[in-house]
Amino acid sequence: MASPGDEEHDPILDDNREAEAISQACVGGERDMAPSAPGPSIQRSGSRPQLDLSKAEIQGNLEERDPTILLPNQSDDISHLALDIGGSLIKLLYFSRHEEDYSNDDDKRKRTIKERLGITNGNLRSYPVLGGRLHFVKFETHKINECLDFIHSKQLHRRDPYPWSSKTLPLGTGVIKVTGGGAYKFADLFKERLGVSIEKEDEMHCLVSGANFLLKAIRHEAFTHMEAEKEFVQIDPNDLYPYLLVNVGSGVSIIKVDGEGKFERVSGTNVGGGTYWGLGKLLTKCKSFDELLELSQKGDNSTIDMLVGDIYGGMDYSKIGLSASTIASSFGKAISENKELEDYRPEDISLSLLRMISYNIGQISYLNALRFGLKRIFFGGFFIRGHAYTMDTISFAVHFWSKGEMQAMFLRHEGFLGALGAFMSYEKHGLDDLMSHQLVERFPMGAPYTGGNIHGPPLGDLNEKISWMEKFVRRGTEITAPVPMTPSKTTGLGGFDVPSSRGSPLRSDASALNIGVLHLVPTLEVFPLLADPKTYEPNTIDLSDQGEREYWLKVLSEHLPDLVDTAVASEGGTEDAKRRGDAFARAFSAHLARLMEEPAAYGKLGLANLLELREECLREFQFLDAYRSIKQRENEASLAVLPDLLEELDSMNEEARLLTLIEGVLAANIFDWGSRACVDLYRKGTIIEIYRMSRNKMQRPWRVDDFDAFKERMLGSGGKQPHRHKRALLFVDNSGADVILGMLPLAREFLRRGTEVVLVANSLPALNDVTAMELPDIVAGAAKHCDILRRAAEMGGLLVDAMVNPGDGSKKDSTSAPLMVVENGCGSPCIDLRQVSSELAAAAKEADLVILEGMGRALHTNFNAQFKCESLKLAMVKNQRLADKLIKGNIYDCVCRYEPPSVSQM
């Protein structure tokens with residue numbers, strides 16, 4: 001966005017679609033950054049290189065605020081830099097290598113699990129430990145020298161196109177892909193400053209390629225915007241084409257997209273964003289596009305526009321369906337009134353202009369969609385730039401003229417379509433194979449998103465980020481309800497009335513594209529036992545409801561001080577830990593405040609997303625396992641009493657034992673450091689005292705009680721013996737008593753019946769949840785007291801020092817079965833089964849029972865999930881609001897929900 005008074009750089013000249021701000025990337029001064037030191041060599045593939053976008057995941061990073069796409073499956077050469085240089089903004093994408101310290105897959109335990117689950121080397125992290133990220137950065141065009149400084153500081157223009165190579169290229173040999181008008185205007189400057197040549201890419205081709213990528217790769221990329229309400233739309237990648245892409249820059253281009261590389265510009269108009277700003281500048285003397293938009297927020301166009309009511313004495317023209325408030329003629333009143341330009345308020349002029357142009361763009365787009373029989377229209381470009389009222393007016397036009405049969409849709413990431421398309425033009429990129437379940441979006445903290453303005457340096461390391469947080473983000477942001485929308489008193493146009501609300505006033509960041517960090521990981525798959533992945537919705541609580549949203553945001557805010565104290569204590573309470581803890585508190589408070597004010601800021605919002613955001617924010621400030629010492633202490637205490645519990649269980653008959661086992665799981669699930677009620681309990685007694693108290697209070701019937709149906713399935717009835725389960729997946733929850741005194745004894749019961757058991761645990765820590773990395777040690781400790789667990793753990797590869805060959809029948813009896821551990825692919829208290837690890841997906845293929853345990857996995861998410869196999873959901877409700885909403889019960893009520901395979905699967 002041009003600064004006030006800047007006549008040379010016109011923000012609307014970008015026909016390519018300028019976006020709301022993503023990240024700020026201003027590199028100060030003339031700093032130079034030396035090329036990075038050579039790293040370990042990695043064998044290159046001999047095949048023809050491609051950009052591999054298959055299987056992606058999104059995580060936060062500690063490097064910088066710039067939005068990022070991780071390409072962990074990338075193992076061949078790619079070019080690493082592309083730009084879209086428009087009249088107002090420069091959008092830059094660059095590739096960086098990414099390595100993670102994965103454990104060695106070739107150890108005995110991993111090999112045994114892979115053999116048991118039938119996982120080939122192609123599935124379980126057997127790729128070179130190499131990945132990559134696509135970083136998205138934005139600069140103002142009139143600050144192009146800062147962009148060049150940024151490229152130079154990272155030596156992006158001199159790196160070998162092989163991402164793992166540390167070689168630098170000689171000056172004058174590099175080539176960068178660029179689209180937009182700046183590809184021509186600044187070619188000489190790039191050659192002079194960086195010694196690189198620009199290869200110009202077709203704008204329209206880049207635009208379409210970028211749109212196709214986003215609509216396929218990001219689950220909630222598209223959204224509608226009506227009456228200030230944003231609603232995300234799930235696009236089926238298999239049913240994407242054809243669609244209409246309307247790019248509103250200075251003028252308007254209307255493109256019919258029929259497939260990858262198949263598109264045609266079918267229409268357009270010279271009345272677009274340039275018209276709005278040009279006329280607005282002449283009529284209002286505004287110096288910037290945003291200033292003109294700001295004026296429209298305060299305008300009343302009825303002072304200038306001729307309305308139907310002005311013609312018919314304040315009456316509707318009901319015979320043809322026109323209300324009195326319908327605009328009969330934009331600027332029509334100026335004809336009959338004896339007024340000069342200075343007699344009209346600039347605010348009213350701006351709004352009248354905005355309506356006139358927005359409604360006409362909507363109508364022309366509808367007519368083209370009608371012409372080609374299309375129902376889907378996507379709008380983008382600098383004129384849109386996330387402005388709520390602009391989107392509302394276009395949406396109303398499309399809705400009215402189509403009689404509700406068509407929808408205007410907008411894209412969250414539309415500002416980077418051209419740059420993304422230019423990047424993809426380097427090599428064949430495998431976009432057709434990329435699925436939305438292979439990406440997850442995270443939102444690391446950084447300098448603020450502020451429309452076209454870019455402020456704040458790129459946050460190069462954690463210390464820079466913390467310093468910025470301390471300076472600009474206050475701690476303890478109060479979480480309050482947003483200001484209600486003000487009903488509009490202005491009028492509509494040509495056949496329909498105005499939106500009932502024009503949205504909240506335009507803030508400095510109102511046009512921000514809230515784009516997170518997109519990481520692609522090669523181990524994410526859809527859980528194969530979901531009955532219908534297309535209709536599956538993980539979140540049980542609807543946070544689009546304002547009351548629910550306010551409540552849960554307040555809960556997380558109130559829990560924040562305890563979480564910070566625990567996190568700092570886990571790092572020894574050092575000054576560094578305190579400083580990081582304070583920065584985390586500021587960052588997470590800022591996230592919560594933003595979401596309270598703008599619920600759709602980060603895409604579709606569910607409780608699972610909120611809880612995951614908290615964990616990612618902790619990791620961002622290097623609190624990798626805040627509850628580590630607490631978990632260790634609780635594990636030791638629970639293992640000490642496990643032998644007595646197992647002895648008690650073995651003294652019971654089958655029916656009593658099964659009931660006691662389920663009671664034990666429910667009772668042990670009380671241990672949850674994410675629950676305020678449970679934290680208060682911990683301060684009143686030891687872990688064993690609380691567990692015994694909880695066990696003693698287990699009285700049926702429970703609030704949701706399907707135990708009898710589960711018992712009949714397990715034990716049979718009327719003398720009829722049931723068939724045993726082949727493989728059970730047990731999704732475990734908390735460390736300590738929950739897993740050791742609850743889920744392990746239940747797993748043992750299945751093992752003694754000859755059922756294979758797979759314990760499914762988090763890939764990364766979250767609160768006091770147990771992780772897949774921690775489980776083998778826990779199982780080993782339990783196996784010291786139990787031959788059943790020891791034998792099963794040996795067969796499953798969990799006891800490395802006493803490994804049993806899976807094919808050696810001499811060491812197992814007829815009912816022996818392996819006990820295995822797999823990671824679930826996430827680091828949150830909840831789980832989205834559309835995105836699980838390949839380990840879990842492989843384990844699920846022969847499973848006929850899924851057990852989900854705990855509030856996060858069985859109540860907050862997946863309570864309504866349907867499976868192709870039997871399922872059992874076990875949890876103690878530790879939040880009164882959740883109890884009211886979900887089961888109409890009370891805190892500490894229990895859920896035992898057994899369901900046979902979904903009817904459609906039987």
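The chain is annotated in an unreviewed UniProt entry as Pantothenate kinase 2 of Brassica napus. Quoted verbatim from the Function (unreviewed entry) field of UniProt, the annotation for the chain is "Catalyzes the phosphorylation of pantothenate the first step in CoA biosynthesis. May play a role in the physiological regulation of the intracellular CoA concentration."

1. Remarks on the overall build of the chain
Each helix and strand counted, the chain has 27 helices and 26 strands in total. Within the span of the chain, comprising 906 residues, buried residues form 61% of the whole. Looking at the chain alone, contacts between residues at least 24 apart form 77% of all its contacts between residues at least 6 apart. Total accessible area on the chain is roughly 34500 Å²; 49% of this is exposed by carbon and sulfur atoms.

2. Looking at the packing of aromatic side chains
The full count for this structure, using the stated rule, is 15 aromatic pairs. Ring geometry for Trp702 against Phe707: centres 6.3 Å apart, planes inclined by 80°, an arrangement best described as edge-to-face. The two residues Trp702 and Phe707 agree in class, both being buried. The structure contains a cluster of three or more aromatic residues connected by ring pairs, namely Phe223, Phe232, Phe379 and Phe410. The cationic tip of Lys230 hangs over the ring face of Phe223; the distance from NZ or CZ to the ring centre is 4.5 Å. Cation over ring: Lys281 sits above Trp277, and NZ or CZ is 5.5 Å from the ring centre.

3. Here's the deal with the nonpolar core
Grouped together as the largest cluster of nonpolar side chains are 76 residues, with contacts concentrated most on Phe527, Leu729 and Phe731. In terms of residue count, the dominant contributor to this core is helix α15 (residues 575-597) (nine residues). With residues near it in sequence (within four places) discarded, Phe527 still touches Leu729, Phe731, Leu833, Val836, Leu840, Ala844, Val850 and Phe867.

4. Considering the sheet that holds strand β15 (residues 407-411)
If you walk across this open sheet you meet the seven strands as β8-β7-β15-β14-β9-β10-β11, and the pairing is mixed. Two strands lie at the open edges of the sheet, namely β8 (229-233) and β11 (262-269), each paired on one side alone. Across the sheet, the mean angle separating the axes of adjacent strands is 30° when strand polarity is ignored. Pairing of strand β9 (residues 243-248) with strand β10 (residues 252-259) involves six bridges; the strand directions are antiparallel. Note that in β10 the partner of Leu244 across the bridge is Lys256.

5. Notes on the pattern of salt bridges
Here the structure, examined in full by the defined rule, presents 42 salt bridges. Among the salt bridges present, the one from Glu199 reaches Lys177, with a minimum N-O distance of 2.7 Å. A residue pair is termed long-range when its members are at least 10 positions apart, and Glu199 in strand β6 (residues 196-200) and Lys177 in strand β5 (residues 174-179) qualify at 22 residues. A residue is classified by how much of its surface remains accessible, and Glu199, at 35% relative accessible area, is partly exposed. Under the relative-accessibility criterion, Lys177 is labelled buried at 9%. A salt bridge links Lys375 to Glu405, with the shortest nitrogen-to-oxygen separation between them at 3.4 Å. In this pair, Lys375 is assigned in the loop between α10 (346-372) and β14 (376-380) and Glu405 in the loop between α11 (388-401) and β15, connecting sequence segments 30 residues apart. Sharing partners across several salt bridges, the network here consists of Asp650, Glu654, Arg657, Arg748, Glu749, Arg752 and Arg753.

6. A word on the packing of helix α14 (residues 546-570) against α15
Relative to each other, α14 and α15 sit at 175°, their axes nearing to 10 Å. With respect to each other, α14 and α15 are oriented roughly antiparallel. Of α15, the residues touching α14 (which contributes Arg549, Glu550, Leu553, Leu556, Ser557, Leu560, Leu563, Val564 and Val568) are Ala577, Lys578, Gly581, Phe584, Ala585, Phe588, Ser589, Leu592, Leu595 and Met596.

7. Side note on the environment of Tyr94
Along the chain, the position of Tyr94 falls in strand β3 (residues 89-98). Since its relative accessible area comes to 3%, Tyr94 is described here as buried. Considering only alpha carbons, one finds Tyr94 and Ala419, 325 residues apart in sequence, at a separation of 9.8 Å.

8. Considering the sheet that holds strand β19 (residues 704-705)
In a beta sheet, neighbouring strands pair by backbone hydrogen bonds and run either parallel or antiparallel. Strand order in this open sheet of seven strands is β19-β26-β25-β24-β20-β21-β22, and the pairing throughout is mixed. Edge positions in the open sheet fall to β19 and β22 (819-823), since each of these has one partner strand only. Relative to strand β26 (residues 894-899), helix α21 (residues 707-715) is tilted by about 45°, and along the sheet it contacts β19, β25 (870-876) and β26.

9. A word on the packing of α15 against helix α16 (residues 607-620)
With their axes 10 Å apart at the nearest point, α15 and α16 run at an angle of 155° to one another. Here α16 runs roughly antiparallel to α15, going by the angle between their axes. Once α15 is placed against α16, the crossing between them reads as right-handed. Within the contact between the two elements, α15 uses Phe584, Ala587, Phe588, His591, Leu592 and Leu595 and α16 uses Leu610, Leu613, Arg614, Cys617 and Leu618. Tallied by class, residues from the contact of α15 with α16 come to nine nonpolar, one polar and one charged.

10. A look at a nonpolar patch on the surface
Taken together, the side chains of Ile311, Tyr312 and Met315 present a nonpolar region at the surface, about 320 Å² in accessible area. Relative to the assigned elements, Tyr312 resides in the loop between α8 (308-311) and β13 (327-329). Here Tyr312 falls in the partly exposed class, since its relative accessible area comes to 39%.

11. Quick notes on helix α6 (residues 273-284)
The end-to-end C-alpha separation of α6 is 16 Å, in line with the 16 Å expected for 12 residues at 1.5 Å each. What α6 keeps buried is the set Gly273, Tyr276, Trp277, Gly280 and Thr284. Buried residues of α6 fall within an arc of 90° about the axis and therefore sit on the same side. Check the buried side of α6 and you find it contacts β9, α7 (289-296) and α10. Positive phi appears at Lys285, one or two residues downstream of α6, with a value of about 70°.

12. Quick look at the pairing of β8
As paired strands, strand β7 (residues 222-226) and β8 are joined by five bridges and run antiparallel to one another. Across the sheet, residue Ala222 finds its bridge partner in β8, namely Val233. In textbook terms, the turn of a hairpin is the stretch between consecutive antiparallel strands, and for β7 and β8 this stretch comprises two residues, one of which, Glu227, has a positive phi near 50°.

How each quantity is defined
- Residues numbered from 1 in each chain as written.
- Predicted model: local features only at pLDDT ≥ 70, side-chain atom pairs only at ≥ 80, totals over all residues.
- Heavy atoms only, no water.
- UniProt positions renumbered as here; feature names shortened; annotations may be inferred.
- Helix = DSSP H or I, 4+ residues; strand = E, 2+ residues; numbered from the N terminus.
- Buried < 20%, exposed > 50% of the residue type's maximum accessible area, 1.4 Å probe, protein only.
- Contact = heavy atoms within 4.5 Å.
- Areas by Shrake-Rupley, 256 points an atom, 1.4 Å probe, with all protein chains shown as cover.
- Phe/Tyr/Trp six-rings, centres within 6.5 Å; stacked < 30°, edge-to-face > 60°.
- Lys NZ or Arg CZ within 6 Å of the ring centre and 35° of its normal.
- Core = buried A, V, L, I, M, F, W, Y, C linked by side-chain atoms within 4.5 Å.
- Pairing = 2+ DSSP bridges.
- Axes fitted to C-alpha atoms, helices over the stretch in contact; angles between N-to-C directions.
- Salt bridge = Lys/Arg side-chain N within 4 Å of Asp/Glu carboxyl O.
- Parallel < 35°, antiparallel > 145°, perpendicular 65-115°, else oblique.
- Left-handed = near helix turned anticlockwise from the far one by under 90°.
- Nonpolar A, V, L, I, M, F, W, Y, C, P; charged D, E, K, R; others polar.
- Patch = residues over 30% accessible without salt bridge, like charges linked within 9 Å, V, L, I, M, F, W, Y side chains within 5 Å.
- Expected span 1.5 Å × (residues − 1).
- Arc of directions from axis to C-beta.

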